[in-house]
There are 2 protein chains.
Amino acid sequence: MKLKSFLFLIAALCSTGMSAQEADVYASQRQGWLDKAIASTPVLKTEKVHPVGLVKAVADTSAYQGWRVDPAGEIGSYLGSSLKDEKNKSVTVDFGRHLTGTFSFRVDLLDRVLDGPIRLRFTFAEVPAELAVPFDPYPGTISRGWLQDETVTVEFTDSVYTLPRRLSGRYMKIDVLGHPTDCDFAMGDLAFTATTSAPEIAPETLDIPLSDEFAAIDRTALATLAECMQTVYEDGPKRDRRLWIGDVYLESLANNLTYKNHDLTRHCLYLLAALANEDGRLHANVFELPEPHPQRGSFCYSYSLLFNMALAEYLAATGDSDTARDLWPVAKAQIDNMLTFVDDRGIFDRFRPGGFNWLFFDWRDGIEESTAMQGLAIMALEQTADLGKSLGMADDTKGWNATASKMRKAARKHLYDKNARAFTSGYEGFIPSQKSVLSQVWMVLADVVPAKEGAELLSRALSDPDFIRLGSPYAHHFLVEAMIKCGMTDQARALVADYWGGMVRKGADTFWEVYDASDDYLSPYRFYPVNSYCHAWSCTPAYLLRRYPAVFQN
Amino acid sequence: MKLKSFLFLIAALCSTGMSAQEADVYASQRQGWLDKAIASTPVLKTEKVHPVGLVKAVADTSAYQGWRVDPAGEIGSYLGSSLKDEKNKSVTVDFGRHLTGTFSFRVDLLDRVLDGPIRLRFTFAEVPAELAVPFDPYPGTISRGWLQDETVTVEFTDSVYTLPRRLSGRYMKIDVLGHPTDCDFAMGDLAFTATTSAPEIAPETLDIPLSDEFAAIDRTALATLAECMQTVYEDGPKRDRRLWIGDVYLESLANNLTYKNHDLTRHCLYLLAALANEDGRLHANVFELPEPHPQRGSFCYSYSLLFNMALAEYLAATGDSDTARDLWPVAKAQIDNMLTFVDDRGIFDRFRPGGFNWLFFDWRDGIEESTAMQGLAIMALEQTADLGKSLGMADDTKGWNATASKMRKAARKHLYDKNARAFTSGYEGFIPSQKSVLSQVWMVLADVVPAKEGAELLSRALSDPDFIRLGSPYAHHFLVEAMIKCGMTDQARALVADYWGGMVRKGADTFWEVYDASDDYLSPYRFYPVNSYCHAWSCTPAYLLRRYPAVFQN
């Protein structure tokens, strides 16, 4: 996800609902949380993977993004064969599946003595287009540095070279950019040391009968999740390789029903807690390297509440009340902060306590998220109240359920537009009131409307072109949840088959950051090769299929 | 130096003058020599060097190779200043002098948090043109990999990155190829860890009065030598970074009168001895990394004899008769092998014992070196005989002086062309007889002609355009020696002032591999930026000025 820095600067100036005394207590706990986070850093499982064959990218207007990958021979026809041969000057290997980790190679001498450096370029690709579309001149809006092309000067044969950067992808193109002529040499070994903190997944973890289509969706979702499970739940192992609260929530939901690496969830929760702002507000994203540090100023108040929901899910999955109790002040601080945004009517106002504050629910230009946030706030209030009570912290939660009820009624009263026959979102005079699928989704999820009305709302929103559509796999996850909540199980099943299944049909090895069936070239960064094609927030079919087996089974 | 592989294949098939019994004895000593070579690997002196300022390459038709370097500000105006500023997107720093070693840098955060990789390209340059002439598409005949442009993906600020490759040059261009936009950062440190095995040179080592011109030539020669003195005497620290016998000879000559790191000479002599062919023939060049190995098949019989002369000079400089005696079998083997090429008349025949054998005396297309080799063989026979006697090995040298005398007379009789009034070189029916400066130089050095006649010969050869001119600094060194030998001291002084002084006037920080006053773009590799601009065989003014102070003093 891309941050909007101007928002942070404003948000960073805002106060929170935390008293000075609370802030002191909170601050004193931070070091302990950091110690626990560091002590619980997952040990990665490593696996050495070698290419399974040669391939070539072939232009094909009917293929995803205009490129398909065709087989191009046995790997054995390349390894050991002269790199000076024209046919070996540009070769693409296929590792057979999406991998994340480090890459090493060795060039072996075939004849005489290497008397000059060999210059090689390695280009890693998650999707075929990254093998074929020129990276320069780079038109993208995020750093050119994300693209995975690395040039290496090989000075010695029979020595192992390891690229200094972690990489992610399925395919690797090798271009010989320069070499001496008085000797001969060949690629001797190509080895990817793949890492994950997901344990081996046993096939019986999903014991419902599935169609081939859903089985493929599940495999792809599990691969996506495993690839994103590194020392944190990363958003995308190619890009941008960090811990976002939104991804923790969705990945840990899926993990709870699949890989069950609960230590990873615990590690992430502690890391986020330890790196919160001094006033208790969580940062939306944090980095582990070179040492743990937050994306300072990245206050995204929808994500803040997802921390609480992830913590509640973690407790439910593990029974680890020690951790939940230890982190309770963080959960409380997020609610306290959120409540400062709620006006006297019971409506969440993103302009309170000052400035325009950052919320995230979807990737769609111009979307207004306040009504969605109203729904999430209601859910978070109730779930966090339940969490507090279960931890013996009922006193901390006083009034939260009442506020949730008030907000639910207020939503109905102030956010529902009778003429539009829908919930709208906007600020008179600032942001024109808009009709979106998103707002209906979150009103349904928050029980603002009963199931039957919810189904009507969703059906209307999805069929009426005047409603702003959803943009991202992230938002689609919550739409599926909302559909199931209000009994639209056939539609939910069809949506997963259509949306995630669409990616599978277009050749996805892992689910993509961005997907719109009507536009293969969609990119929030104005250059689709820099999109992440293995993205945590797209892994949720692994959760949905297990959580709602009746909806998805054959 | 570039090798001619087809010659090696032929040469490798030839037999030597060594008996099977001698070969066995020789083989048994190789491991001991290798152990001594490894044990004596020089410990490099390191120095951390920071840039002294910013510069820019400016097109200038009157400058060497069309580019001059102008000052472009204080280094402080770049370090700490945003790399996102257009003015910092492509910057060249000047380290103030030619350096060899490793380069490290650090990017520091100025604002917010680095949320994507920075892509940087570093281009190291020995001469200004390397900063400005595009490297691609690469037209050169040797590996593109020698050019020193390295691209780095910086993932972390405030962390030190070290380029994985050793580098050599004075200037470094830094191009920002990609960066995130939501944060700000600057180059925090640029540090070159320079290495040499030359100790600090004390100014009093040359205690004769010198003109400014010769003082500058001497400084440049000393810098060249020090830069080439690494764990071996390298030919060029940028390219091709290895130990050639010809360079050992010239560098150790200069070292004996300047830096006096005799252990380095000893290390190189042992390394060459240990890596000789099984039959005792030395390889013309060897590599230390990843483990010591020869350029197998690189038999250059003129270089082989220079080993003996370097060993004799080493003994004279150090009195280390243990090493000289230990390596005596190597010296003897080179003479024995050379003698197999001498025909009944006493003439060195490069086609014996079979094939066309490799000799090197100069870099000049079409030059025929057999007459030069006749001279070198005479010198090597006599000097090696003297060496053997001084080591108590007189028995081994029986007949060598007599053969030298015979070869001297034979040269006069068979190689001197009365019509041409010059020594010629060629093989009737194979290689047309040619007149070259080179042949006269070596006849003079070998005392085939008395001084007065030698001076006439040289003067005639240098003034008559029908004589093939010398091409390289390497050959020019021997011309200076020959001039001094036959009393042409004014001409010798003028030649050093003109040839090496010419490089200084054109801006040389170190002396170049290739120099022709009439062609700044001359390159044996069809791309002048890949020439070496710090080349061992050009360092000999440091020797000449000290060996012949009367010739060069003011």
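Here, the structure is the one placed above.
Owing to the predicted nature of the structure, the values given are computational and were not obtained by experimental measurement. (Residues numbered from 1 in each chain as written. Chains lettered and ligands numbered in written order. Predicted model: local features only at pLDDT ≥ 70, side-chain atom pairs only at ≥ 80, totals over all residues. Heavy atoms only, no water.)

Chemist: Tell me what's going on with the environment of Gly-487 of chain A, and back it up with residues and numbers.
Modeler: Looking at the element boundaries, Gly-487 of chain A is found in the loop between helix H14 (473–485) and helix H15 (489–505). Measuring from C-alpha to C-alpha, the distance between Gly-487 of chain A and Tyr-528 of chain A comes to 36 Å, with 41 residues separating the pair along the chain. (Helix = DSSP H or I, 4+ residues; strand = E, 2+ residues; numbered from the N terminus.)

Chemist: I'd like a rundown of the relation of the copies chain B and chain A, residues and numbers included.
Modeler: When chain B is fitted to chain A, the best match, at an RMSD of 0.1 Å, comes from turning it 180 degrees and sliding it 0.0 Å along the axis. Taken together, the rotation and translation describe the operation of a two-fold axis. The rotation axis passes nearest to the C-alpha of Thr-151 of chain B in chain B, at a distance of 3.4 Å. Most of the interface of chain B is mirrored in chain A, where 100% of its interface residues are also at the interface. (Least-squares fit on C-alpha atoms with pLDDT ≥ 70 in both. Contact = heavy atoms within 4.5 Å.)

Chemist: Account for the sheet that holds strand S15 (residues 431–435) of chain B, naming residues and giving values.
Modeler: The strand order across the open sheet formed by three strands is S13-S14-S15 (chain B), and the pairing between neighbours is antiparallel. The open sheet has two edge strands, strand S13 (416–417) and S15 of chain B, and neither has a second partner. (Pairing = 2+ DSSP bridges.)

Chemist: Tell me about the interface of chain B and chain A, residues and numbers included.
Modeler: On the side of chain A, 41 residues touch chain B, which itself brings 41 residues to the contact. Summed over both sides, the interface of chain B with chain A buries roughly 3300 Å², with 47% coming from carbon and sulfur. When the buried area of chain B at its contact with chain A is split by residue, Arg-112, Val-113 and Arg-119 of chain B rank highest and sum to 18% of it. Inspection of the region where chain B meets chain A yields four salt bridges. When the shortest N-O distance is used, the salt bridge between Glu-155 of chain A and Arg-241 of chain B registers 2.8 Å. Put simply, the parts of the chain that give the side of chain B that touches chain A at least two residues each are helix H1 (5–12), strand S6 (149–154), strand S8 (167–178) and strand S12 (293–294) of chain B. Per-element tally for the side of chain B that touches chain A: the top contributor is S6 of chain B, with three residues. Taken together, the residues that form the side of chain B that touches chain A break down as 14 nonpolar, 13 polar and 14 charged. (Buried area = accessible area lost by both parts, 1.4 Å probe. Salt bridge = Lys/Arg side-chain N within 4 Å of Asp/Glu carboxyl O. Nonpolar A, V, L, I, M, F, W, Y, C, P; charged D, E, K, R; others polar.)

Chemist: Describe the nonpolar core, naming the residues involved and giving the relevant values.
Modeler: All names here are of chain B. Membership of the largest hydrophobic core comes to 147 residues, with the highest contact counts inside it found for Tyr-303, Trp-442 and Phe-552. Sort the elements by how many residues they give to this core and helix H7 (residues 301–318) lands first, with eleven residues. The residues contacting Phe-552, other than those within four sequence positions of it, are Leu-210, Phe-214, Val-480, Ile-484, Ala-492, Arg-493, Val-496, Leu-544 and Leu-545. (Core = buried A, V, L, I, M, F, W, Y, C linked by side-chain atoms within 4.5 Å. Buried < 20%, exposed > 50% of the residue type's maximum accessible area, 1.4 Å probe, protein only.)

Chemist: Kindly report on the pattern of salt bridges, identifying the contributing residues and their values.
Modeler: Residue and element names in this part refer to chain B. Summed over the entire model, instances satisfying the criterion amount to 72 salt bridges over all chains. The residue Arg-97 makes a salt bridge to Glu-47 at a minimum N-O spacing of 2.9 Å. Remark: Glu-47 occurs in strand S1 (residues 45–49) and Arg-97 occurs in strand S4 (residues 90–111); sequence separation between them is 50 residues. Given the relative accessible area of 38%, Arg-97 is considered partly exposed. Among the residues examined, Glu-47 registers a relative accessible area of 39% and is labelled partly exposed.

Chemist: So what's going on with the sheet that holds S12 of chain B? Residues and values would help.
Modeler: All names here are of chain B. On the basis of which strands lie adjacent, the open sheet formed by three strands has the order S10-S11-S12 and antiparallel pairing. Each end of this open sheet is capped by a strand with a single partner; those strands are strand S10 (243–244) and S12. As paired elements, strand S11 (residues 285–287) and S12 share two bridges and run antiparallel to each other. Looking at S12, one finds that Phe-287 is bridged to His-293.

Chemist: An account of helix H10 (residues 370–390) of chain A is requested, with residue identities and associated values reported.
Modeler: All names here are of chain A. For H10, which comprises 21 residues, the first-to-last C-alpha distance of 30 Å matches the rise-based estimate of 30 Å (1.5 Å per residue) to within 8%. Of all 21 residues in H10, 16 are buried; the element is thus mostly enclosed. Just beyond H10, the residue with positive phi is Gly-392, at close to 80 degrees. (Expected span 1.5 Å × (residues − 1).)

Chemist: Requested: an account of the side chain of Asn-88 of chain B, with residues and values cited.
Modeler: Residues and elements named next belong to chain B. Within the secondary structure, Asn-88 is located in the loop between strand S3 (67–73) and S4. Judged by its relative accessible area of 3%, Asn-88 falls in the buried class. Within the local environment of Asn-88, its side chain forms a polar contact with the side chain of Ser-81, the two groups lying 2.9 Å apart. Asn-88 has contacts with Tyr-78, Ser-81, Ser-82, Leu-83 and Val-176, leaving out every residue within four places of it along the chain. (Polar contact = N/O pair within 3.5 Å; in protein donor to acceptor, adjacent residues only side chain to side chain.)

Chemist: Lay out the environment of Leu-289 of chain A in plain terms, naming residues and giving numbers.
Modeler: Summarising the element assignment, Leu-289 of chain A is placed in the loop between strand S11 (285–287) and strand S12 (293–294). As for Leu-289 of chain A and Tyr-416 of chain A, which are separated by 127 residues in sequence, their C-alpha atoms are 46 Å apart.

Chemist: So what's going on with the state of the cysteines? Residues and values would help.
Modeler: A complete count under the given rule lists zero disulfides over all chains for this structure. Here Cys-183 of chain A is not cross-linked by a disulfide; its sulfur's nearest cysteine counterpart is in Cys-300 of chain B, at 19 Å. Residue classification places Cys-183 of chain A among the buried residues on the basis of a relative accessible area of 2%. Left without a disulfide partner, Cys-228 of chain B is nearest to the cysteine sulfur of Cys-534 of chain B, which lies 4.2 Å away. (Disulfide = S-S within 2.5 Å.)

Chemist: Describe the packing of aromatic side chains, and please don't skip the residues or the numbers.
Modeler: Evaluation of the coordinates by the stated rule reveals 75 aromatic pairs over all chains. Geometrically, the ring pair formed by Phe-360 of chain A and Trp-537 of chain A is stacked, given 5.7 Å between the ring centres and 5 degrees between the ring planes. Taken together, the residues Phe-360 of chain A in the loop between helix H9 (328–339) and H10 and Trp-537 of chain A in the loop between H15 and helix H16 (541–547) connect sequence positions 177 residues apart. Like Trp-537 of chain A, Phe-360 of chain A is buried. With centroids separated by 5.1 Å and ring planes inclined at 75 degrees, the aromatic side chains of Phe-361 of chain B and Trp-442 of chain B adopt a geometry described as edge-to-face. Separated by 81 residues along the polypeptide, Phe-361 of chain B in the loop between helix H9 (328–339) and helix H10 (370–390) and Trp-442 of chain B in helix H12 (residues 437–445) bring together distant segments of the chain. Its relative accessible area of 2% is what places Phe-361 of chain B among the buried residues. By relative accessible area, which is 2% here, Trp-442 of chain B ends up buried. An aromatic cluster is defined as three or more aromatic residues linked by ring pairs; in this entry it consists of Trp-244, Tyr-249, Tyr-303, Trp-358, Phe-360, Phe-361, Trp-363, Trp-442, Tyr-474, Phe-478, Tyr-525 and Trp-537 of chain A. Over the ring of Phe-299 of chain A we find Arg-281 of chain A; its NZ or CZ atom is 4.0 Å from the centre of that ring. The ring of Tyr-416 of chain B has Arg-412 of chain B sitting right over it, with the charged end atom 5.2 Å from the ring centre. (Phe/Tyr/Trp six-rings, centres within 6.5 Å; stacked < 30°, edge-to-face > 60°. Lys NZ or Arg CZ within 6 Å of the ring centre and 35° of its normal.)

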